[in-house]
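These are the residues of each chain, in order.
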Amino acid sequence: MRAHWPAVPPVRSGPALDESQNLTRPEKTLTTVLLLRMSDHLHLLGPAELRLLIRNEDSRITTTSGLANGYQQANVVILPKHLANDFEVFCRSNPAPLPLLYCSQPGETSCPLLAKDADIRTDISQYRVYQDGVLVKSVSSLQNYSDSLRTISQKQSVPSDEWSDMVCFYLGCSFGFEGSLKKAGVVVRNVEQGRNVSMYKTAVPCIRAGVFSCPLVVSMRPVPSTMLDAAVQVTHLNPQAHGAPVHIGDAAFLGIQDLSRPDYGDQVELQSGDVPVFWACGVTAIEAIVSSKPSLAFSHSPGCMFLTDVQDSSLVFHTPDSKKSQATSVTPELTPLCFQISQNPLLYSLASQRAVAKIRQLDAIIGEDPGLRGIKALFIQDELLRSCLALSHSSSVAITTGFPTHYMHSPPDETDGPPGAIAMATMMLALGKQVTMITDRRALLMNQAIIDEAVRTGVLKSTIPLVIFEESVPNSALHFLCHHGDPTKPRYDHLVAIERSGRAEDGNYYNMRGVNIKHLVDPIDDLFLAAKNIPGITTTGIGDGGNELGMGKVKEKVKKLMPKGDLIACDVPADYAITAGVSNWGGYAVACGLYLLNTCPAHQRYRKKGLGVDHQTPTELQDWTANLPSVDKEESILSTLVRFGIRSGKTAHLAMEVDGLTFHPTHSDIITRLLEVTLGSAK
């Protein structure tokens, strides 16, 4: 099953109601209205009672946030019927911001499947009126708007049968899940502060449909960092109210420059320990009106929603083919979990419980230690998972490898590193990322030949740029990593080192025997050090001994637990330190982890901000599968390395082995098991 619910299919109801017809609901008495107005506890009233107060223009109801807890609320857009089909497709194409609850017949003022005895012309506290996409006024009722409709329609060539030409779209609203958030113990800051929720136009374009195109609008609620999983999981269960968040962290990722200046609603202040959490917002529909410029349109005023009688916990939707309610089950293992993947800028990501469990299985497999190095002592929980999540969000990745441990041989390099680097690179290419390889000057020609052979034999999807880094001038690393040396314009958003010689505390580079090989190593470590001060560049190190670039994150453990650790331990940390029995295995696991995330609907929905489909096409899936590591491909690339004279790290054998372990059965077995987990055949 998919990890979140699809957008609710709209319902087209029975015969249209002319505005002159009597409503079927019983008229409420003046006494009832007066009694309701005497209530000092609006938040205790049900949606029907609140609609009655709104219909009688109760001045206390300025926003519906915090009201009718436990019930769905709806954004409302009213358009001429000749635009209805385009707008319905627009909603289907952008399901997170525009979850379509109900679509009326032309002229229909009720919505019986959402609310009993309702009249859309009177039951919203404030409406907006648009002409040619321009907001011309706000009104408290559309009941007496027929004269205006007639005047405008005659002037602008809209059919002149007044309200009977208008189609109402009811779209889910995030106010509908605020009650569930409270029940889960998540403080709702906008309600706590007595304010409307903050809403912002983003730089993220919605998917166009017909005449409708506009930027995505999001609502923001500050959530304590300790409650993020609860907020994600509660709202995931309510796709009718926009579902799980589409972004968690720094607003700049969405093109929002200043949280204190919302485009709609009120500023909601973050408290200490809060994280800004963004949900897709139905006000996107108002932006669609503005951009498409229909001759006449109406909407709710942001924050003034239509209150339905549908409970937000019912998990029920309606289909066009049946007016009977149909329950949809939710699979717990598809529920998303939340992980922080960057501190500067702040960024969290989502992945389903199923994908997370599988990546943790990958981590356990690569953590096996047949070489008896004691590598398990360096393990950090979920480094592989967080690195894969960060890489999934990346667009331009630089990979470096190369450990010249065999200083007495030419070439001095070992067979661990390049196969894992190429396995990661080909999966990233298949996912549409830009990939660059960084190497030492001494190994430039050899590595270019290896890349060419990998492309020729189908191990690498396509050729990739191969570059060198040498510290020739001040700020060389900054200029290498960023366009014109500008830290706001990085060339790469992720650096990955796999089995790459790492600089020790004394400035030298040591192999596991404690031999200094500095004369064979270019200062690529400086790129990782510089990246620490460049917002937006994340780093990953993959190693199997503690002397590899990036393993500075576990330096103290290396010093204490690994042979010659005090001497050889790498001093340069990475954001994520992936440890493996053999470093190549870490590269294979990263490739498999990226595949799992890109086939995870919860993760893909989050990456795509809830726009478009959250699953891959058959062609994409076939391509991604073909670019996973395989026994045949990894045997092929190892054979290529041996032909180039590259030796096994531990034994210096010029043979089909890595770190003293023969390809068959050790490495081939690890690859097979990784694929079984990734492709689903493992229990």
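What you see is a predicted model; the values in this text were computed from it and never measured.

A count of helical and extended segments in the chain gives 21 helices and 24 strands. Looking at the chain as a whole, 60% of its 683 residues are labelled buried. The contacts in the chain between residues at least 6 apart in sequence include a share of 75% that link residues at least 24 apart. Accessible area of the chain: about 25900 Å², with a carbon and sulfur share of 52%.

Moving on: the pattern of salt bridges. This structure, assessed with the given rule, holds 27 salt bridges. A salt bridge links Asp440 to Arg442, with the shortest nitrogen-to-oxygen separation between them at 3.7 Å. With a relative accessible area of 1%, Asp440 lands in the buried category. Under the relative-accessibility criterion, Arg442 is labelled partly exposed at 33%. Several salt bridges share partner residues, and in doing so they unite Asp413, Asp440, Arg442 and Arg500 into one network.

Within the structure shown, the criterion is met by nine aromatic pairs. Consider the rings of Tyr170 and Phe306, whose centres lie 5.5 Å apart with planes at 65°: the pair is edge-to-face. Here Tyr170 is found in strand β5 (residues 166-172), whereas its partner Phe306 is found in strand β12 (residues 306-311), with 136 residues between them in sequence. Accessibility expressed as a relative area gives 0% for Tyr170, which makes it buried.

All right, on to the pairing of strand β7 (residues 215-224) then. Burial of β7 is extensive: nine of the 10 residues sit out of reach of the surface. Two strands pair when backbone bridges link them, and β7 and strand β10 (residues 274-280) are joined in this way by seven bridges, in the antiparallel orientation. Bridge assignment links Pro224 to a residue of β10, and that residue is Asp274.

Another aspect to go through is the side chain of Thr540. With respect to the helices and strands, Thr540 occurs in strand β21 (residues 538-543). Engagement of the side chain of Thr540 in a polar contact is seen with the side chain of His494, the distance being 2.8 Å. With sequence-adjacent residues up to four places away left out, Thr540 is seen in contact with Ser387, His494, Leu495, Val496, Ala497, Phe528, Ala574, Tyr576 and Ile578.

It is worth spelling out the side chain of Asp369 at this point. Relative to the helices and strands, Asp369 resides in the loop between α9 (353-366) and α10 (383-393). For Asp369, which is buried and forms no salt bridge, the nearest opposite charge comes from Arg373, at a distance of 6.1 Å. There is a polar contact of 2.9 Å between the side chain of Asp369 and the backbone nitrogen of Arg373. With sequence-adjacent residues up to four places away left out, Asp369 is seen in contact with Gly374 and Ile375.

Among the nonpolar cores identified, the biggest contains 90 residues, and Ile248, Ile399 and Val590 are the most heavily contacted of them. Ranked by residue count, the leading element in this core is helix α17 (residues 583-598), at 10 residues. Those residues within four positions of Val590 in sequence are excluded, and the remaining contacts are Leu384, Cys388, Leu391, Met424, Ile542 and Ile578. Ranked by size, the runner-up nonpolar core spans 45 residues in total, among them Val218, Val246, Ala251 and Ile256.

This part is about helix α12 (residues 444-456). Along an α-helix, residues three or four apart share an orientation, since each turn contains 3.6 residues. Its 13 residues give α12 an end-to-end C-alpha distance of 18 Å, which sits within 8% of 18 Å, the value for a rise of 1.5 Å per residue. Restricting attention to buried positions, one finds in α12 the residues Met446, Asn447, Ile450, Ile451, Glu453 and Ala454. Considered in projection along α12, the buried side chains sweep an arc of 165° and stay on one side of the axis. Those residues of α12 that are exposed and angled more than 90 degrees off the buried face are Leu445 and Arg456. Taken together, the buried residues of α12 touch α11 (418-430), β18 (434-439), β19 (466-468) and α20 (631-643). Downstream of α12 by a residue or two, Gly458 has a phi angle that is positive, lying close to 85°.

Okay, the confidence of the model for the chain next. For the chain, mean pLDDT is 89; residues scoring 70 or higher make up 88% of the total. Scored below 50 in pLDDT, residues 314-329 shows 31 contacts in the model against residues more than four places distant or in partner chains.

Okay, the sheet that holds β19 next. Across the sheet, six strands lie side by side as β19-β18-β17-β20-β21-β22; this open sheet has parallel pairing. A strand with exactly one partner marks an edge of an open sheet, and here the two such strands are β19 and β22 (576-579). In this sheet, neighbouring strand axes are inclined to one another by 25° on average, regardless of whether the strands run parallel or antiparallel. Where β18 and β19 come together, three bridges link them in parallel fashion. Counterpart to Met437 in the pairing with β19 is Leu466. α11 contacts β17 (396-402), β18, β20 (494-500) and β21 of the sheet and is inclined by roughly 165° relative to β17. On top of the sheet, α17 reaches β20, β21 and β22; it is set at about 135° to β21, its chief contact.

To continue, consider the sheet that holds β7. If you walk across this open sheet you meet the five strands as β8-β10-β7-β6-β9, and the pairing is antiparallel. Edge strands, defined here as strands with exactly one partner in the open sheet, are β8 (247-248) and β9 (264-265). Where strand β6 (residues 198-205) lies against β7, five bridges are found, and the strand directions are antiparallel. Within β7, the position partnered with Met199 by the bridge is Ser219. The sheet strands contacting helix α7 (residues 228-236) are β7, β8 and β10, and the helix crosses β10 at an angle near 15°. Contacts between helix α8 (residues 284-292) and the sheet are confined to β6, β7 and β9, with β7 contributing the most and set at about 155° to the helix.

Calculation notes
Residues numbered from 1 in each chain as written. Predicted model: local features only at pLDDT ≥ 70, side-chain atom pairs only at ≥ 80, totals over all residues. Heavy atoms only, no water. Helix = DSSP H or I, 4+ residues; strand = E, 2+ residues; numbered from the N terminus. Buried < 20%, exposed > 50% of the residue type's maximum accessible area, 1.4 Å probe, protein only. Contact = heavy atoms within 4.5 Å. Areas by Shrake-Rupley, 256 points an atom, 1.4 Å probe, with all protein chains shown as cover. Salt bridge = Lys/Arg side-chain N within 4 Å of Asp/Glu carboxyl O. Phe/Tyr/Trp six-rings, centres within 6.5 Å; stacked < 30°, edge-to-face > 60°. Pairing = 2+ DSSP bridges. Polar contact = N/O pair within 3.5 Å; in protein donor to acceptor, adjacent residues only side chain to side chain. Lys, Arg positive; Asp, Glu negative; His and termini not counted. Core = buried A, V, L, I, M, F, W, Y, C linked by side-chain atoms within 4.5 Å. Expected span 1.5 Å × (residues − 1). Arc of directions from axis to C-beta. pLDDT = per-residue confidence, 0-100. Axes fitted to C-alpha atoms, helices over the stretch in contact; angles between N-to-C directions.

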